[in-house]
There are 2 protein chains.
Amino acid sequence: METMLRKREDKIAIIGAGTIGLSFAALHLLKHPTCSIAIYDTRPDVHDYVAEYMSKTLAGAGVDIDSTMQRLRISAYLQEAVLDAVIVQEQGPENLDFKITTWAEIERYAPKTALFWSSTSGIPASQQSRNMQDKTRLLVVHPYNPPHIMPLLEVVPSPRTSQAVIDETLEYWRGIGRTPVVIKKECTGFVANRLAFALFREACSLVTQGVIDVKDLDEVVQNSMGPRWTVAGPFKSYHAGGGDGGLKSFLNKIGGTVQQCWDASEKDVKKGSIAVGEDWQIEVCRQTDEAYGVVDTRERDTRTRSVLEAVSCEEEVQ
Amino acid sequence: METMLRKREDKIAIIGAGTIGLSFAALHLLKHPTCSIAIYDTRPDVHDYVAEYMSKTLAGAGVDIDSTMQRLRISAYLQEAVLDAVIVQEQGPENLDFKITTWAEIERYAPKTALFWSSTSGIPASQQSRNMQDKTRLLVVHPYNPPHIMPLLEVVPSPRTSQAVIDETLEYWRGIGRTPVVIKKECTGFVANRLAFALFREACSLVTQGVIDVKDLDEVVQNSMGPRWTVAGPFKSYHAGGGDGGLKSFLNKIGGTVQQCWDASEKDVKKGSIAVGEDWQIEVCRQTDEAYGVVDTRERDTRTRSVLEAVSCEEEVQ
């Protein structure tokens, strides 16, 4: 894939120009300075929408917006968009039939060597590839939003995806400084959302029990787990917490407390009926609205970038 | 409490010289330059232990170690340690009887105006204060380890704790740049551990199901939730994810996926018997050992400090 990064005319086709597709387009343009982007989307205002998103997102990234935008074209036809592409990245509707049809069509028109990536947050490649001739070519590359800021990419092959396709996918992302992680089994929600939603359920439960309010709970996370887990994930953190004996020693020493918390969580989730659509949502949403109004995501992204720079500088120093 | 910070001879008594107690001692010495610290602990090697910990922890903090250490004394008697103290901070064994006895004794010898804080991770102030004359004085101030690095302090009053004591406690911590958060109800594990352990259980479950291995799971968190939640906690994040409609809109749009993840989590936790002491621990601990050996906590702390500086600089800019 290094050869891919050196080639002048690497064309990346972005199928579906929602915010995730355009964030990926911006990422490729910024990190892979010789690529070109072809965007395919059927929305009628696609030209205006892309221009507006890109000028906002590229502003302040230290690039010349005009010359960067010259590397981006909008195609009216899928066939045209994927022609000569080295990568086809799909962010269409989360609808299995759409994806099955679209991949079969893409396979017909794209080069035999092109990589096929779906950004789906839940529909496994093994289902999407149903009507493809060569099912070894497709895998899921699930971002953490927005991908032009967040380094994580969950790479989820189907049981049929070839190792060569996985390897080339990892190489591309590592080559532009991202952090792809292979998920070993297709599973509900993949990993990042499963973890985040588990904590989120507990958060909703604690607010519903009246233990803490929404804004203070966010403060708790921002001043403890957030920074800690930026530097060392949960296993490494608790392993360090156990001293020389590591995680085993941690679980021996405070396992009782851990289990008490798990038991209390189960009880409270049940008591508060913390399922989507139940009554607890009213108060939690009310508090969140009151606390934040409309969030300035530009400010959030600027600060996130600083945090990521801080932790990656430190890595280089070590 | 501003007056407290200006007084030359504010004495803070640290009861129990484990790593939490000494980390608090270092924090007070560094952030409150006119305070003095009295440490009480019955361990026979207390002098050597304190000297070793402090020289390691103060090194590189940009202070003169000798003059800083002159503000710290070790007392052989509880009575002497708490005499004239403005704050008494307890980090003794997590044993209810010990705490009940100790607080009754502290109350006998400390000034009437001293603040009483327990660093317990689980024993509520309402139980610890059982034999105190004035139960309005005690509350829990639970740190996120190590407190000389991490900004969060969970302030957990008992139903008897007076508002004045809560207010003075918050003022002290805010005055030295920390982030105290009031927990509204005494509950199992307070908030930070409840949240972190909920995600940790899901992490153990996903590793046990063979979806991902320990080291990759940590990579996922370090490159997604970690930096995101450093900048915006879970409610603010999902509120932003919902666009102008906020959290309500987020739950309307992707609530189905959230619920599917919650259901899958429950099923997998059951299937893997993810309770403390069960078989899953063997493989999870093995992978963690293999991935990390003994963690260099000094490196972790240096990097955490950089992340915290990055996010707080950005706050000032806004």
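Residues numbered from 1 in each chain as written. Chains lettered and ligands numbered in written order. Predicted model: local features only at pLDDT ≥ 70, side-chain atom pairs only at ≥ 80, totals over all residues. Heavy atoms only, no water.

The name given to chain A in an unreviewed UniProt entry is L-gulonate 3-dehydrogenase, and the organism recorded there is Baudoinia panamericana. Regarding chain A, the UniProt comment filed under Subcellular location (unreviewed entry) reads as follows: "Cytoplasm". (UniProt positions renumbered as here; feature names shortened; annotations may be inferred.)

Student: Got a sec to walk through the overall build of chain A? Specific residues and values, please.
Tutor: Regarding its fold elements, chain A presents 15 helices and 8 strands. Here the C-alpha radius of gyration of chain A, 22 Å, is about what a compact globule of 318 residues would show, namely 20 Å. The buried share among the 318 residues of chain A stands at 58%. Taking as baseline every contact in chain A between residues at least 6 positions apart, the subset at least 24 positions apart corresponds to 70%. Here chain A has roughly 13200 Å² of accessible surface; of this, 48% comes from carbon and sulfur atoms. Between the averaged position of the 35 positive side-chain charges in chain A and that of its 43 negative side-chain charges there is a distance of 5 Å. (Helix = DSSP H or I, 4+ residues; strand = E, 2+ residues; numbered from the N terminus. Rg over C-alpha atoms; globule rule 2.2 N^0.38 Å. Buried < 20%, exposed > 50% of the residue type's maximum accessible area, 1.4 Å probe, protein only. Contact = heavy atoms within 4.5 Å. Areas by Shrake-Rupley, 256 points an atom, 1.4 Å probe, with all protein chains shown as cover. Lys, Arg positive; Asp, Glu negative; His and termini not counted. Charge placed at Lys NZ, Arg CZ, Asp CG, Glu CD.)

Student: Before we move on, could you go through the relation of the copies chain B and chain A and cite the residues and values that matter?
Tutor: Note on the copies: chain B fits chain A at an RMSD of 0.0 Å, the axial shift is 0.0 Å, and the rotation between them is 180 degrees. Within this description, the copies of the chain are treated as partners about a two-fold rotation axis. Here 100% of the contact residues of chain B are again contact residues in chain A; the copies associate through an equivalent surface. (Least-squares fit on C-alpha atoms with pLDDT ≥ 70 in both.)

Student: Any chance you could break down the packing of aromatic side chains for me, citing the residues and the numbers?
Tutor: Evaluated as defined, the whole model comprises 20 aromatic pairs over all chains. Ring geometry for A:Tyr238 against B:Phe200: centres 4.8 Å apart, planes inclined by 70 degrees, an arrangement best described as edge-to-face. Here B:Phe200 lies in helix H9 (residues 192-208) and A:Tyr238 lies in helix H12 (residues 234-241), a pairing that spans two chains. For B:Phe200, a relative accessible area of 0% corresponds to the buried category. Members of the aromatic cluster, joined through ring pairs, are A:Phe197, A:Phe200, B:Phe235, B:Tyr238 and B:Phe250. The aromatic ring of A:Tyr49 is capped on one face by A:Arg43, whose charged end is 3.8 Å from the ring centroid. (Phe/Tyr/Trp six-rings, centres within 6.5 Å; stacked < 30°, edge-to-face > 60°. Lys NZ or Arg CZ within 6 Å of the ring centre and 35° of its normal.)

Student: Tell me about the sheet that holds strand S7 (residues 152-157) of chain B, residues and numbers included.
Tutor: Residues and elements named next belong to chain B. Pairing is mixed in the open sheet, where 8 strands are placed in the order S3-S2-S1-S4-S5-S6-S7-S8. In the strand order of this sheet, the two ends are held by strand S3 (72-75) and strand S8 (179-182), each with one partner. Taken pair by pair, the neighbouring strands of this sheet meet at an average axis angle of 25 degrees, ignoring direction. With 4 bridges connecting them, strand S1 (residues 11-15) and strand S4 (residues 87-90) associate as parallel partners. Bridge pairing links Ile-12 to Ile-87 in S4. Across the face of the sheet, helix H3 (residues 46-58) comes into contact with strand S2 (36-40) and S3 while running at roughly 155 degrees to S3. Sitting on the sheet, helix H8 (residues 163-175) touches S1, S4, strand S5 (115-118), strand S6 (138-143), S7 and S8, and the angle it makes with S5 is about 75 degrees. (Pairing = 2+ DSSP bridges. Axes fitted to C-alpha atoms, helices over the stretch in contact; angles between N-to-C directions.)

Student: Any chance you could break down the interface of chain B and chain A for me, citing the residues and the numbers?
Tutor: Chain B puts 103 residues into the contact, and the matching count from chain A is 104 residues. Taken together, both faces of the contact between chain B and chain A bury some 10400 Å²; the carbon and sulfur share is 71%. By the criterion of area lost to chain A, the three top residues of chain B are B:Phe235, B:Trp262 and B:Arg303, representing 9% of everything that side buries. Linking chain B with chain A are 6 salt bridges. Where B:Arg201 meets A:Glu266, a salt bridge forms, and the shortest distance between an N and an O atom there is 3.0 Å. (Buried area = accessible area lost by both parts, 1.4 Å probe. Salt bridge = Lys/Arg side-chain N within 4 Å of Asp/Glu carboxyl O.)

Student: Describe the side chain of B:Thr120, and please don't skip the residues or the numbers.
Tutor: Residue and element names in this part refer to chain B. Relative to the helices and strands, Thr-120 resides in the loop between S5 and helix H7 (125-128). Within the structure, the side chain of Thr-120 is placed 2.9 Å from the side chain of Glu-94, a separation counted as a polar contact. Among the polar contacts made by the side chain of Thr-120, one reaches the main-chain amide nitrogen of Ile-123 at a distance of 2.8 Å. Non-local contacts of Thr-120, meaning those with residues more than four positions away in its chain, are made with Glu-94, Lys-99, Gln-128, Val-140, His-142 and Phe-190. (Polar contact = N/O pair within 3.5 Å; in protein donor to acceptor, adjacent residues only side chain to side chain.)

Student: Which residues make up the UniProt feature "domain: 3-hydroxyacyl-CoA dehydrogenase C-terminal" (unreviewed entry) in chain A, and what are the values?
Tutor: According to UniProt, the positions carrying the feature "domain: 3-hydroxyacyl-CoA dehydrogenase C-terminal" (unreviewed entry) are residues 189-255 of chain A. Within the segment residues 189-255 of chain A, helix and strand shares are 76% and 0% respectively, and the terminal C-alpha atoms sit 28 Å apart.

Student: Please provide a residue-by-residue account of the UniProt feature "transmembrane region" (unreviewed entry) in chain A, values included.
Tutor: In the numbering adopted here, UniProt assigns the feature "transmembrane region" (unreviewed entry) to residues 12-30 of chain A. Across residues 12-30 of chain A, the secondary structure splits into 63% helix and 21% strand, with the terminal C-alpha atoms separated by 13 Å.

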